[in-house]
Amino acid sequence: MTEYRSGRNKGLRYLLEVIGDDVKKLNLDLGNKIDKAIGNGAEAGLTFSLAVSLDVLRKADMQTEPMIRAYAFQRKRAVAISYARAYKDGLKLSERIWNITEGNKQVISDIVRAGIGEDAVNVAKALQTYVKSGSTRMAAEYPGMIKRMGSRIPLNLDYNALRLARTELTAAYGEGTLAGAKASPAIGKVRWVLSSSHPRPDICDTYAEGGEGHGVYSVDDCPPYPAHPNCLCTLQPEPEDTGDLIKRLKQWRAAPGSQPDIESWYQQNYRMFE
């Protein structure tokens, strides 16, 4: 019996080590994918503003290369801001991903320990059920393990990580949109647009009607975006009439003092990249 228990304990330790190694690999893969997705999100937020800006500059007979370099800089800045976003607990994205992953590993380990004395196949099925369907279904199919774990098992293994990833990718898109609007001679403002999947009234409804009206804000006055975890609203660039802007750009080139806003844009966002 002692040898049997010793063998079971060694098997359990080995299984927990394998789980730990797999979770670390999952964390690394997830981190790499989120790195790429945040960069793509920031770039997506910049794309429209850059396209409008380049079109306007060409039609105003101005060089586009400084604007392209300015937007490359703004993309890096938007990504950096996305990573630097702090949470109420003071943790950054990478730290929160690690903590969530460590929490997942603990839950999986608890399920394995709770399954001591049961058939290995049942333990494996319980793990699969929890990962795919959450604790509610697992409670129905494996009540003994749930009872032994008590309140230690959350409803869903991946919900917190999913919410974190979705919120941060949305934030990266928002940072790109704001950075693109600020760097552009053609934008300068954004519009807060409610998602068509907006489930119930909340602060987003106020933002979508506020600002200068109908959710239009100057870049510096835009409310924090996203407004809450899992926010599905979008920020859209709000361009000036391009025909009017092209005329104003030409007037500015002839007399810089005639268009103070364009002169300010030139000094802050164009000249340094010429």
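Thresholds applied
- Residues numbered from 1 in each chain as written.
- Predicted model: local features only at pLDDT ≥ 70, side-chain atom pairs only at ≥ 80, totals over all residues.
- Heavy atoms only, no water.
- Helix = DSSP H or I, 4+ residues; strand = E, 2+ residues; numbered from the N terminus.
- Buried < 20%, exposed > 50% of the residue type's maximum accessible area, 1.4 Å probe, protein only.
- Contact = heavy atoms within 4.5 Å.
- Areas by Shrake-Rupley, 256 points an atom, 1.4 Å probe, with all protein chains shown as cover.
- Salt bridge = Lys/Arg side-chain N within 4 Å of Asp/Glu carboxyl O.
- Expected span 1.5 Å × (residues − 1).
- Pairing = 2+ DSSP bridges.
- 1 Å grid on protein atoms, 1.4 Å probe; cavity = no way out; pocket = protein on both sides within 12 Å on 5 of 7 lines; lining within 4 Å.
- Points joined across faces, edges and corners; volume = space filled by probe spheres on them.
- Core = buried A, V, L, I, M, F, W, Y, C linked by side-chain atoms within 4.5 Å.

Undergrad: What am I meant to see in the overall build of the protein chain here?
TA: Secondary structure assignment for the protein chain yields 10 helices and three strands. Going residue by residue from the N terminus, the α and β elements of the protein chain occur as α-α-α-α-α-α-α-β-α-β-β-α-α. With 274 residues in all, the protein chain has 41% of them scored as buried. Taking the contacts inside the protein chain whose residues are at least 6 apart along the sequence as the reference set, 69% of them involve residues at least 24 apart. When the accessible surface of the protein chain is totalled, it reaches about 15,500 Å², and 54% of it is carbon and sulfur.

Undergrad: How should the pattern of salt bridges be read in this particular structure?
TA: Oppositely charged side chains may form a pair once their charged atoms are brought near each other. Enumeration according to the criterion identifies seven salt bridges in this entry. The closest approach of N and O atoms between E240 and R248, which form a salt bridge, is 3.1 Å. Classification of E240 by relative accessible area gives partly exposed; the value is 26%. Given a relative accessible area of 18%, R248 falls into the buried group. Of the charged contacts, one joins D261 and R248 as a salt bridge, the two residues approaching to 2.9 Å between their closest N and O atoms. Of this pair, D261 sits in helix α10 (residues 260–270) while R248 sits in helix α9 (residues 242–254), placing them 13 residues apart in sequence.

Undergrad: Where do I start with helix α2 (residues 65–84) in this structure?
TA: Structurally, the α-helix is built with 3.6 residues per turn, so residues lying three or four positions apart point the same way. Compared with the 28 Å implied by 1.5 Å per residue over 20 residues, the 29 Å span of α2 between its first and last C-alpha is a close match. Those residues of α2 that fall on the buried side of the exposure criterion are P66, M67, A70, Y71, Q74, A78, V79 and S82.

Undergrad: Help me understand the pairing of strand β3 (residues 234–237), please; the structure alone is not making it clear to me.
TA: Strand residues, when the strand is regular, have side chains that alternate between the two faces of the sheet. Because side chains alternate across β3, one face comprises the buried residues L235 and P237, and the other comprises T234 and Q236, none of which is buried. Pairing geometry for strand β1 (residues 189–193) and β3, over four bridges, is antiparallel. Residue pairing in the sheet places V190 in a bridge with P237 of β3.

Undergrad: Explain the layout of surface pockets here, please?
TA: Left-over empty space is what a probe sized like a water molecule reveals as it rolls over the atoms. Looking at the second largest pocket, its volume works out to about 590 Å³. Considering the residues around the second largest pocket, the lining is formed by 25 residues, among which A181, K182, A183, V219 and N269 are closest to the centre. Counting residues per element, the ones that place at least two in the lining of the second largest pocket are α2, α7 (159–183) and α10.

Undergrad: Got a minute to help me understand the side chain of T170 in this structure?
TA: Relative to the assigned elements, T170 resides in helix α7. Each residue touching T170, except ones within four places of it in the same chain, is listed here: Y225, P226 and C231.

Undergrad: For this particular structure, what's the right way to read the nonpolar core?
TA: With 37 residues, the main nonpolar core has M62, M67, W192, L249 and W265 as its most contacted residues. Of all the elements in the fold, those that place two or more residues in this core are α1 (2–59), α2, α7, β1, α8 (203–209), α9 and α10. Take this core: its biggest share by element is five residues, from α1. For M62, the residues in contact, after removing those within four places along its chain, are L57, L249, W252, R253, W265 and Y270. Counting five residues, the second-largest nonpolar core is a separate cluster that includes I38, A78, V79 and A172.

Function cannot be read off these values alone, since they describe shape.
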